[in-house]
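An overview of the molecular structure
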Amino acid sequence: MVIRIGDEAPDFTADSTEGTINFHQWIGDQWAILFSHPKDFTPVCTTELGYMARLKPEFDKRNTKVVGLSVDPVSDHHRWAGDIEETQGCAVNYPMIGDENLTVAKLYDMIHPNASTGPRTAVDNATVRSVFIIGPDKKVKAMLIYPMSAGRNFDEVLRLLDSLQLNAKHTVATPVNWRPGDDVIIPTSVSDEDAKKKYPDGFKTLKPYLRVVAQPK
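So, how was this worked out
- Residues numbered from 1 in each chain as written.
- Predicted model: local features only at pLDDT ≥ 70, side-chain atom pairs only at ≥ 80, totals over all residues.
- Heavy atoms only, no water.
- Helix = DSSP H or I, 4+ residues; strand = E, 2+ residues; numbered from the N terminus.
- Polar contact = N/O pair within 3.5 Å; in protein donor to acceptor, adjacent residues only side chain to side chain.
- Contact = heavy atoms within 4.5 Å.
- Buried < 20%, exposed > 50% of the residue type's maximum accessible area, 1.4 Å probe, protein only.
- Phe/Tyr/Trp six-rings, centres within 6.5 Å; stacked < 30°, edge-to-face > 60°.
- Lys NZ or Arg CZ within 6 Å of the ring centre and 35° of its normal.
- Salt bridge = Lys/Arg side-chain N within 4 Å of Asp/Glu carboxyl O.
- Pairing = 2+ DSSP bridges.
- Expected span 1.5 Å × (residues − 1).
- Bend = angle between axes of the 7 residues up to and from the residue.

The name given to the protein chain in an unreviewed UniProt entry is Putative peroxiredoxin, with the source organism recorded as Metapseudomonas resinovorans NBRC 106553.

Here it is in structure tokens:
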């Protein structure tokens, strides 16, 4: 199946390093980050998992759960965790899903639907390198897909999450290179009359379709 922004994130039950996960139940009323890896004991992914572990407290502050996935068994994940802690200086502090049968990878359109299970290399699993941001309503809010050679920027994932949560709370949009605290954009769906009521301290109109205002608190 093809996953698009706005779709309900497919539910699943899978084994993980922290026990069985019933995905929608596990998310509960929080946000979630699901990020996948083509294989255990691969170099780029090792650096990513370690950095995500260091960054996890920031996701915690944002009421967001983190879960990784790799198309290898959970037993391999446990062994890999030792390498990650040794080389990256931080222990993995979130669950890692085992997906050796490619069940979740296919469910989330991370890999070709005809991909076979069994012994596979990281190259065979090259498309399994995705990030999904999922809201409390279990809808997919954003997706990122990276190639094998480029490590993901999880600072950008955090920035994107901040933007999504701000939009969910205040119905605003964020401009290019926005960082928390910067001015935001009033969507065109909000009339000037409604904008004046919502922002009594005023806003700046650069063009009728481009209005900026201080970030709501």
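A word on the side chain of Asn 125. One can find Asn 125 in the loop between helix 4 (103-107) and strand 6 (130-134). Engagement of the side chain of Asn 125 in a polar contact is seen with the side chain of Arg 120, the distance being 2.5 Å. If near-sequence neighbours (up to four positions away) are discounted, Asn 125 is found in contact with Pro 38, Val 71, Ile 111 and Arg 120.

With respect to the helices and strands, Asn 93 occurs in the loop between helix 3 (74-88) and strand 5 (96-98). We classify Asn 93 as partly exposed; its relative accessible area is 32%. Linking Asn 93 and Val 66, residues 27 residues apart in sequence, is a C-alpha distance of 9.1 Å. Only 3.0 Å separates the side chain of Asn 93 from the backbone oxygen of Ala 53, close enough to count as a polar contact.

We now examine the packing of aromatic side chains. By the definition in use, this model includes eight aromatic pairs. Through pairs of rings, three or more aromatic residues link up here, namely Phe 12, Phe 23, Trp 26, Tyr 108 and Phe 132. Its end group placed over the ring of Trp 26, Lys 65 keeps NZ or CZ at 4.9 Å from the ring centre.

For the rest of this paragraph, the subject is the pattern of salt bridges. Considering all chains together, one arrives at 12 salt bridges under this definition. Where Glu 48 meets Arg 129, a salt bridge forms, and the shortest distance between an N and an O atom there is 3.1 Å. One end of the pair, Glu 48, is in helix 2 (residues 43-61); the other, Arg 129, is in the loop between helix 4 and strand 6, with 81 residues separating them in the sequence. Each member of the pair Glu 48 and Arg 129 is classed as buried. The closest approach of N and O atoms between Lys 197 and Glu 193, which form a salt bridge, is 3.8 Å. Residue Lys 197 and its partner Glu 193 are both found in helix 6 (residues 192-198); the two are separated by four residues, about one turn of the helix.

Let us now look at the pairing of strand 10 (residues 210-213). In the sheet, strand 8 (residues 184-186) pairs with strand 10 via three bridges, with the strands oriented antiparallel. Bridge pairing in strand 10 places Ile 185 opposite Val 212. Note: strand 9 (residues 204-207) against strand 10, three bridges, orientation antiparallel. By the bridge assignment for strand 10, Lys 204 is matched with Val 212. Joining the antiparallel neighbours strand 9 and strand 10 is a turn of two residues.

Once that is clear, we can look at helix 2. Across its 19 residues, helix 2 extends 29 Å between first and last C-alpha, which sits within 8% of the 27 Å expected from 1.5 Å per residue. The largest bend along helix 2 measures about 45° and falls at Leu 55, with the proline Pro 57 one to four residues further on. For helix 2, every residue scored as buried is listed here: Cys 45, Thr 46, Glu 48, Leu 49, Gly 50, Met 52, Ala 53, Leu 55, Lys 56 and Phe 59. Packing partners of the buried residues in helix 2 comprise strand 3 (31-37), strand 4 (64-70), helix 3, strand 5 and helix 5 (154-170). Asn 63 occupies a position one or two residues after helix 2 and carries a positive phi of about 55°.

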